[in-house]
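# Results of the structural survey
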Amino acid sequence: MTSKTGIIAFQGRPGAYSDLACRNAYPSWTTLPCDTFQAAMAAVRNGAADLAMMPTENTLAGRVPDMHILLPESGLYVIGAAFQRVEHCLLAPKGATIAGLTRAHSHAVALGQVRNIIAELNLQAVVEADTAGSAELVAKWNNPEDCAIASDLAAEIFGLEVLRRNVEAASHNTTRFYVM
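Here is what the cut-offs are and how they apply
- Residues numbered from 1 in each chain as written.
- Predicted model: local features only at pLDDT ≥ 70, side-chain atom pairs only at ≥ 80, totals over all residues.
- Heavy atoms only, no water.
- Helix = DSSP H or I, 4+ residues; strand = E, 2+ residues; numbered from the N terminus.
- Buried < 20%, exposed > 50% of the residue type's maximum accessible area, 1.4 Å probe, protein only.
- Lys, Arg positive; Asp, Glu negative; His and termini not counted.
- Charge placed at Lys NZ, Arg CZ, Asp CG, Glu CD.
- Phe/Tyr/Trp six-rings, centres within 6.5 Å; stacked < 30°, edge-to-face > 60°.
- 1 Å grid on protein atoms, 1.4 Å probe; cavity = no way out; pocket = protein on both sides within 12 Å on 5 of 7 lines; lining within 4 Å.
- Points joined across faces, edges and corners; volume = space filled by probe spheres on them.
- Nonpolar A, V, L, I, M, F, W, Y, C, P; charged D, E, K, R; others polar.
- Contact = heavy atoms within 4.5 Å.

Looking now at the overall build of the chain. The helix and strand inventory of the chain stands at seven helices and 11 strands. Sorting the 180 residues of the chain into buried and exposed places 48% on the buried side. For the chain, the distance from the average position of its 13 positive side-chain charges to the average position of its 17 negative side-chain charges is 2 Å.

Dropping the structure here:
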């Protein structure tokens, strides 16, 4: 595909796994975070982005129902697929320690995928809207008792430390994305 804008849209906050998938599939492009799947699709239709990358299924959580409802009416075409390994990290403000953590913030699905580490560290699981948004909140609060379960990209974007990598219970956790 010849790029007009070099921009690829995704649903989520900067540092989301969708953002990571876009950056891995199109490393020289700029990612465009959108609040909803519909907004990411609209960005392509209105020319704000050349492509959108949308999650369609995850090896652990199954299919993404919204995508299968929205795709037929989107006016867009699927031109490819990409796979992103989901590698959850335990992220905290600089100076925080694993021993000092009391709460883990993340998306409900992600919290389910890291239940072993939550139990091991005796953390209270706190459901938030998404993984990258959780990292953003933890960075804003700057409380050494709070951590986020999110990508290492989210740690980089929001200035958090990765206290532990690959805290997911299943190493085959992968999401398939459609490129539209």
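Okay, back to it.
The next subject is the packing of aromatic side chains. Each aromatic ring pair is specified by the distance between its two centres and by the angle formed by the two planes. Taken as a whole, this structure holds one aromatic pair when the rule is applied. Geometrically, the ring pair formed by Tyr26 and Trp29 is tilted, given 4.9 Å between the ring centres and 50° between the ring planes. Residue classification places Tyr26 among the partly exposed positions, given a relative accessible area of 21%.

Of the volumes computed, that of the largest pocket is approximately 680 Å³. Residue lining of the largest pocket: 25 residues in total, with Gln11, Pro55, Val64, His107 and Val109 positioned closest to the centre. Where the lining of the largest pocket is concerned, the elements lending two or more residues are α1 (17-25), β3 (51-58), β4 (62-63), α3 (65-70), α4 (108-113) and β11 (174-179). The biggest single contributor to the lining of the largest pocket is α4, with three residues. Tallied by class, the residues present in the lining of the largest pocket amount to 12 nonpolar, 10 polar and three charged.

A separate point is the environment of Thr30. Assignment of secondary structure puts Thr30 in strand β2 (residues 30-34). Taking the C-alpha atoms as reference points, Thr30 and Ala9, 21 residues apart in sequence, are found 8.6 Å from one another.

Right, let's talk about the environment of Leu70 for a bit. Position of Leu70 relative to the elements: it lies in helix α3. Through-space distance from the C-alpha of Leu70 to that of Val114 is 29 Å; in sequence the pair is 44 residues apart. With residues up to four places along the chain from it excluded, the contact list for Leu70 reads Phe37, Gln38 and Met41.

A few words now on the environment of Ala170. Residue position: Ala170 is located in the loop between β10 (161-164) and β11. Classification of Ala170 as buried rests on a relative accessible area of 13%. For Ala170, the contacting residues outside a window of four places in its chain are Leu60 and Arg85.

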